[in-house]
Amino acid sequence: MENDQFKNGVKAALPIVLGYLPVGMAFGVLARTAGLTPFEAGSMSILVYAGASQFLAIEMISKGIPWGPIVIATFFINLRHLLMSSTLSLHFKGHRLRTLGLLSAQLTDESFAVAMSNPSKISNRPSYLFGIQMISQIAWVAGSVGGALFGRLVDHKEYGIPFALSSLFICLLVIQIKKVHHLWVMVIAGIFSILFKWAFPGNWYILLTGILASGIGIAIEMAGRDKK
Amino acid sequence: MLILILGMGTVTFIPRFLPMAFLTRWGLPKRVKEGLDYIPISILSAIVFPILFFNEEGTVGIRAHYILAAIPVFIFSWKVKSLWGSVLLGMLVYWGLGFVL
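All residue numbers refer to positions counted from 1 along the written sequence of the respective chain. Chains and ligands are labelled sequentially in the order written, the chains with letters from A and the ligands with numbers from 1. For this predicted model, a pLDDT threshold of at least 70 governs which residues receive local features, and a threshold of 80 or more governs which side-chain atom pairs are given and counted, while totals over whole chains, interfaces and linings are taken from all residues. The side-chain numbers reported here are obtained from all heavy atoms of the structure, hydrogens and water having been left aside.

Q: What's the story with the overall build of chain A in this structure? I'm lost.
A: For chain A, the helix and strand inventory stands at 13 helices and zero strands. Starting at the N terminus and ending at the C terminus, chain A contains elements arranged as α-α-α-α-α-α-α-α-α-α-α-α-α. Its C-alpha radius of gyration of 19 Å places chain A within 12% of the 17 Å reference for a compact globule of 228 residues. Reported as C-alpha extents along the three principal axes, the dimensions of chain A are approximately 65 × 50 × 35 Å. Here's how the labels work: a residue is buried when its accessible area is under 20% of the maximum for its type, exposed when over 50%, partly exposed in between, all with a 1.4 Å probe on protein chains only. Relative to its full complement of 228 residues, chain A shows a buried share of 54%. Of the contacts made within chain A by residues no fewer than 6 positions apart, 77% connect residues no fewer than 24 positions apart. Counting every atom, chain A has about 10,100 Å² of accessible surface; 69% of that belongs to carbon and sulfur. With 18 positive and 10 negative side-chain charges, chain A shows a separation of 6 Å between the mean positions of the two kinds. Helix and strand labels come from DSSP, where a helix needs a run of H or I of at least four residues and a strand needs a run of E of at least two; each type is numbered from the N terminus. It is over C-alpha atoms that the radius of gyration is taken, and the globule rule equals 2.2 Å times the number of residues to the power 0.38. Working rule for contacts: check all heavy atoms of both residues, and any pair within 4.5 Å makes them a contact. Accessible surface is estimated by sampling points in the Shrake-Rupley manner with a 1.4 Å probe; for residues, cover comes only from the protein chains shown. When charges are tallied, Lys and Arg are placed among the positive residues and Asp and Glu among the negative ones, while His and the ends of the chain are skipped. Here the site of a charge means atom NZ of a Lys, CZ of an Arg, CG of an Asp or CD of a Glu.

See the structure below:
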């Protein structure tokens, strides 16, 4: 039973694997160029496991920036996970801290989105979410180490690879549109995210848009309820 | 390098773990819970739209290659809710457009 859920999670996450392998390889190649060994690139993908901040760290390392500022930048980039962790917490009330710790260590934008494409499947089923996240991280680590070892053999800008994760996110976005309110929130969030990304450095726009647009969503919903 | 990786790992873990650890134990006000329903759509919109409307230099603009590839993926995802199908279609269209644009 537990085992089946893990397997189902793995299956649900296979499209993520398709996206993570090449992007992980791109990371590995860049890490190697910046002077990291394949072991160090792999360790970063195991212990940090956060794409955007890993790429930024590599860029900062190659500019000779010391570890302090890199860690601070990483913290702010990954603050957006607060919102995803809060959302997931609703589905795991009262579970053991050890389980929750394991699940949160592997939380990413992609695995969160796949998990939320069918929330009824993850509710109180840590094994299912664990399956999604485990296979995703394996792909990420395998890609990173592979890229660092023999990355130059593959051109990660070829064959539509740059658009793989974008396509995944588009489909996951469409799956989330379940009622008219969602369509409004999508348009509002789309406009806000572009404005915020333009106005603020880094990726604050995801956290800010998440808070603001979901606030507006609930306001629209309540306004609609009052009319009835 | 070890300090860097451990440091990055720790600060990444904190925002991933704290809400999960505390909110599964405290209850949340109803309003906030309802608001959390809109988090997935808000975050996904915030990820997708900037991809389409920022070019590589990081300035606002129409990123034609991405938008043209996004349209069929959007329609396909709407009709057939298949992650695999969408990813493969997206890659194929993006790749094909590379020869035309």
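Now that the structure has been shown, the text picks up again.
Q: Before we go on, may I ask you to explain the overall build of chain B in this structure?
A: Secondary structure assignment for chain B yields five helices and zero strands. Put simply, chain B runs from its N terminus to its C terminus through helices and strands in the order α-α-α-α-α. Rg of the C-alpha trace for chain B: 19 Å, well past the compact-globule value of 13 Å for 101 residues, more than 25% over. Reported as C-alpha extents along the three principal axes, the dimensions of chain B are approximately 55 × 45 × 30 Å. Buried residues in chain B amount to 49% of all 101 residues. Here the analysis covers contacts within chain B between residues at least 6 apart in sequence; of these, 28% occur between residues at least 24 apart. A total of about 5,100 Å² of accessible surface is found on chain B, and carbon and sulfur atoms cover 74% of it. In chain B, which carries 8 positive and 4 negative side-chain charges, the distance between the mean positions of the two groups comes to 12 Å.

Q: Quick question: what am I supposed to make of the packing of helix α11 (residues 164–176) of chain A against helix α3 (residues 39–53) of chain B here?
A: To characterise two packed helices, one gives the angle between the axes of the helices and the distance between these axes. Each axis is a line fitted through C-alpha atoms, and for a helix only the stretch in contact is used; angles between axes span 0 to 180 degrees, taken between their N-to-C directions. Look at α11 of chain A against α3 of chain B: their axes get within 9 Å of each other, and the N-to-C directions meet at 140°. With respect to the hand of their crossing, α11 of chain A and α3 of chain B are arranged in left-handed fashion. Judged by residue contacts, Ser-166, Phe-169, Ile-170, Leu-172, Leu-173 and Gln-176 of chain A of α11 of chain A engage Pro-40, Ile-41, Leu-44, Ser-45, Ile-47, Val-48, Phe-49 and Ile-51 of chain B from α3 of chain B. Three classes are used: nonpolar for Ala, Val, Leu, Ile, Met, Phe, Trp, Tyr, Cys and Pro, charged for Asp, Glu, Lys and Arg, and polar for all others, with Gly counted as polar. Looking at the contact of α11 of chain A with α3 of chain B, its residues break down into eleven nonpolar, three polar and no charged. When the near helix sits turned anticlockwise from the far one by under a right angle, the crossing is termed left-handed; a clockwise turn instead gives a right-handed crossing.

Q: What exactly am I supposed to notice about the interface of chain A and chain B here?
A: When the parts of a complex come together, some accessible area is lost, and that lost area is often used as the size of the interface. With 92 residues of chain A at the contact, the number on the chain B side is 63 residues. Throughout, buried area stands for the accessible area (probe radius 1.4 Å) lost by two parts on being put together, summed over both. Across the chain A/chain B interface, buried area totals approximately 7,100 Å², and carbon plus sulfur atoms make up 80% of it. Each salt bridge in this description consists of a side-chain nitrogen of Lys or Arg and a carboxyl oxygen of Asp or Glu lying within 4 Å of one another. Linking Glu-34 of chain B and Arg-225 of chain A is a salt bridge whose minimum nitrogen-to-oxygen distance equals 3.5 Å. The element contributing the most residues to the side of chain A that touches chain B is α11 of chain A, with twelve residues.

Q: I would appreciate a short explanation of the environment of Ile-51 of chain B in the present structure.
A: Mapping Ile-51 of chain B onto the fold places it in helix α3. On a C-alpha basis, the gap between Ile-51 of chain B and His-65 of chain B in space is 11 Å, while along the polypeptide they are 14 residues apart. For Ile-51 of chain B, the residues in contact, after removing those within four places along its chain, are Ser-166 of chain A together with Arg-63 and Tyr-66 of chain B.

Q: Just to check I follow, could you spell out the nonpolar core for this structure?
A: Here is a general trend for soluble globular proteins: nonpolar side chains tend to be buried in one another's company. We call a set of buried residues a nonpolar core when its members are Ala, Val, Leu, Ile, Met, Phe, Trp, Tyr or Cys and they connect through side-chain atoms within 4.5 Å of each other. Counting 91 residues, the largest nonpolar core has Met-44, Leu-88, Ile-122 and Phe-163 of chain A together with Met-8 of chain B as its most contacted members. Per-element accounting of this core gives the leading share, nine residues, to α11 of chain A. In contact with Met-44 of chain A, not counting residues within four places along its chain, are Phe-27, Leu-36, Tyr-49, Gln-54 and Ala-57 of chain A together with Leu-4, Ile-5 and Met-8 of chain B.

Q: Please explain the environment of Ser-127 of chain A as it appears in this structure.
A: All names here are of chain A. Take Ser-127: it is sitting in helix α10 (residues 126–150). As a C-alpha pair, Ser-127 and Val-10 span 117 residues in sequence and 9.9 Å in three-dimensional space. Ser-127 has contacts with Glu-2, Gln-5 and Phe-6, leaving out every residue within four places of it along the chain.

Q: What's the story with a nonpolar patch on the surface in this structure? I'm lost.
A: Each patch is built from salt-bridge-free residues with over 30% relative accessible area, joining like charges within 9 Å and nonpolar side chains (Val, Leu, Ile, Met, Phe, Trp, Tyr) within 5 Å. A surface patch of nonpolar side chains, about 1,000 Å² in accessible area, is lined by Tyr-159 of chain A together with Leu-68, Ile-71, Ile-75, Leu-92, Trp-95, Phe-99, Val-100 and Leu-101 of chain B. Only α4 (64–79) and α5 (83–100) of chain B provide two or more residues apiece to the nonpolar patch. When residues of the nonpolar patch are assigned to their parent elements, the largest contribution, four residues, is made by α5 of chain B.

Q: What is the right way to look at the confidence of the model for chain B in this model?
A: As a general rule, the predicted coordinates of low-pLDDT regions are not to be interpreted in detail. What pLDDT expresses is the predictor's confidence in each residue, scored from 0 to 100. Within chain B, residue pLDDT values average 91, and 100% of them lie at 70 or more. We note a pTM of 0.87 for the whole complex and an ipTM of 0.88 for its interfaces.

Q: Please clarify how α4 of chain B should be interpreted in this entry.
A: Given 3.6 residues per turn, any residue in an α-helix points the same way as the ones three and four places further on. Given a helix with a known number of residues, its expected span is that number minus one, times 1.5 Å. Between its first and last C-alpha, α4 of chain B extends 23 Å over 16 residues, near the 22 Å set by a 1.5 Å rise per residue. When we look at burial in α4 of chain B, the residues that qualify are Tyr-66, Ile-67, Ala-69, Ala-70, Val-73 and Ser-77 of chain B. Of the surrounding secondary structure, the elements contacted by the buried residues of α4 of chain B are α11 of chain A together with α3 and α5 of chain B.

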